[in-house]
There are 2 protein chains.
Amino acid sequence: MKPDSDNSTLIDRQSYLDDVAWDERGLVPVIAQDADSGAVLMLAWMNRAALAATLDSDCATYWSRSRGRLWRKGETSGHVQHVVDIRLDCDNDAVLLRVTQAGGIACHTGRASCFYQALETAGDERNWVASDPVLKAPDEIYG
Amino acid sequence: MKPDSDNSTLIDRQSYLDDVAWDERGLVPVIAQDADSGAVLMLAWMNRAALAATLDSDCATYWSRSRGRLWRKGETSGHVQHVVDIRLDCDNDAVLLRVTQAGGIACHTGRASCFYQALETAGDERNWVASDPVLKAPDEIYG
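(A) Layout of the interface of chain A and chain B. Of the residues lining the interface, 42 residues belong to chain A; the matching set on chain B comes to 42 residues. Contact between chain A and chain B buries roughly 3,700 Å² in total, counting both sides, with carbon and sulfur atoms accounting for 59%. Connecting chain A to chain B are four salt bridges. Close ionic contact of D132 of chain B with R87 of chain A constitutes a salt bridge, the shortest N to O distance being 2.9 Å. Partitioned by chemical class, the residues of the side of chain A that touches chain B number 23 nonpolar, nine polar and 10 charged. Pairing of strand β7 (residues 117–122) of chain A with strand β5 (residues 81–88) of chain B involves two bridges; the strand directions are antiparallel.

(B) Representation of the sheet that holds strand β1 (residues 28–34) of chain A. What the six strands build is an open sheet, ordered β2(A)-β1(A)-β6(A)-β5(A)-β7(B)-β8(B); its pairing is mixed. In this open sheet, the two edge strands, each paired with only one partner strand, are β2 (40–46) of chain A together with β8 (125–130) of chain B. Here the average twist between neighbouring strands, direction ignored, is 35 degrees. As paired strands, β1 of chain A and strand β6 (residues 95–101) of chain A are joined by five bridges and run parallel to one another. Bridged to D34 of chain A within β6 of chain A is V99 of chain A. Each of β2 and β5 (81–88) of chain A together with β7 (117–122) and β8 of chain B is contacted by helix α3 (residues 48–57) of chain A, which is oriented at about 125 degrees to β5 of chain A, the strand it contacts most.

(C) Structural view of the relation of the copies chain A and chain B. Superposition of chain A onto chain B requires a rotation of 180 degrees combined with a translation of 0.0 Å along the rotation axis, giving an RMSD of 0.0 Å. Such values leave the two copies arranged in the relation of a two-fold axis. Relative to the rotation axis, the C-alpha of G38 of chain A is the closest in chain A, positioned 2.7 Å from it. In this assembly, 98% of the residues forming the interface of chain A have copies in chain B that are likewise at the interface, indicating an isologous arrangement.

(D) Representation of the pattern of salt bridges in the model. Residue and element names in this part refer to chain B. Enumeration according to the criterion identifies 12 salt bridges over all chains in this entry. One salt bridge in this structure joins D23 and R25, with 2.7 Å as the shortest N-O distance. Judged by its relative accessible area of 21%, D23 falls in the partly exposed class. You can call R25 partly exposed: its relative accessible area is 38%.

(E) View of the sheet that holds strand β8 (residues 125–130) of chain A. Across the sheet, six strands lie side by side as β8(A)-β7(A)-β5(B)-β6(B)-β1(B)-β2(B); this open sheet has mixed pairing. Looking at the sheet topology across the chains shown, the edges are occupied by β8 of chain A together with β2 (40–46) of chain B. Each neighbouring strand pair of the sheet contributes to a mean axis angle of 35 degrees, computed without reference to strand direction. Of the strand pairs in this sheet, β7 of chain A and β8 of chain A are connected by six bridges, and their pairing is antiparallel. Residue pairing across strands places Q117 of chain A opposite A130 of chain A, the latter belonging to β8 of chain A. Sitting on the sheet, helix α3 (residues 48–57) of chain B is in contact with β7 and β8 of chain A together with β2 and β5 of chain B, with an inclination near 125 degrees to β5 of chain B.

(F) A look at the environment of N47 of chain B. Residue and element names in this part refer to chain B. With respect to the helices and strands, the residue N47 is situated in the loop between β2 and α3. Residue classification places N47 among the buried residues on the basis of a relative accessible area of 14%. Measuring from C-alpha to C-alpha, the distance between N47 and S64 comes to 9.6 Å, with 17 residues separating the pair along the chain. Non-local contacts of N47, meaning those with residues more than four positions away in its chain, are made with W22, G26, L27, W63 and L70.

Calculation criteria
- Along each chain, residue indices are assigned from 1 in the same order as the chain's sequence is written.
- As a convention, the first chain written is A and the first ligand written is 1, with the rest following in written order.
- This being a predicted model, a pLDDT of at least 70 is required before a residue's local features are given, and a value of 80 or more before pairs of side-chain atoms are given or counted; all residues contribute to the totals for chains, interfaces and linings.
- The basis for every side-chain value is the complete set of heavy atoms in the structure, and neither hydrogens nor water enter the calculation.
- The contact rule is simple, with two residues in contact once any of their heavy atoms fall within 4.5 Å.
- Two parts placed together each lose some accessible area; with a 1.4 Å probe, that loss summed over both constitutes the buried area.
- Any Lys or Arg side-chain nitrogen located within 4 Å of an Asp or Glu carboxyl oxygen qualifies as a salt bridge.
- For this classification, the nonpolar set comprises Ala, Val, Leu, Ile, Met, Phe, Trp, Tyr, Cys and Pro, the charged set comprises Asp, Glu, Lys and Arg, and every other residue, Gly included, is treated as polar.
- In this analysis, strands are considered paired if DSSP registers two or more bridges between them.
- Each helix is a run of DSSP H or I of at least 4 residues and each strand a run of E of at least 2, with the numbering of both proceeding from the N terminus.
- Only the stretch in contact is used when fitting a helix axis, every axis being a line fitted to C-alpha atoms; angles between N-to-C directions are given from 0 to 180 degrees.
- When the copies are superposed, the least-squares fit takes in the C-alpha atoms of residues with a pLDDT of at least 70 in both.
- Three labels apply to residues, based on accessible area from a 1.4 Å probe with only protein chains included: buried if under 20% of the type maximum, exposed if over 50%, partly exposed otherwise in between.

Set out below in structure tokens:
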């Protein structure tokens, strides 16, 4: 590969990026899994630049759909995700990151995992019930 | 809840379905995780009817985007997913199913997990490399 001052051109040349079946928005859903416990921590999204940045930094970097920009996980909270390995599924349209989760907290609510609402049945009713403990108050995390 | 012959009306009345932040297509991404091993098996999609059908049957039922219809996982292969529990994330826009995977095979390629392509680096190149064994040939699975 020739040196090139235009980073976006460099990204575009990477065939591993071309292999991903990006959706119509140029995004792919990404599952982050704790490499130690096996817990599923969160689901977020990446575009080409986010996946390239994740590989360059070894820290999970997502595309924030709400903020419309790259979002290095933990940039504010310190709860970065160090990447252990990266996998692509059989349809090339979903990514799995196994990570070491700094602070043991992935969720902005201060919980280990974002998937803390369990579907519970009571009589005829079903409800999502917060079922995992808050390990650190969001006020403490975000100041 | 009053009896009602119109099943779609019944589905619409379920507030746990209203709590999900369905996307502009009426879908939500769903992660299936093996309840025993913790392995992430696949990522698929559900609409309201798929989530309701999953709860009614205790077997994972997805919305097939390619076929445009409900797809009871394992309906052809026999590799059904018995649901152990269902969780929703902090933004209400992703679902996690913990399942018991019949046959120990989730992938149509005959592998345990759909996430069998690992990103490997060799010199300047990065490539997705099939890294998990085929447990059963697709010909045997699908006849």
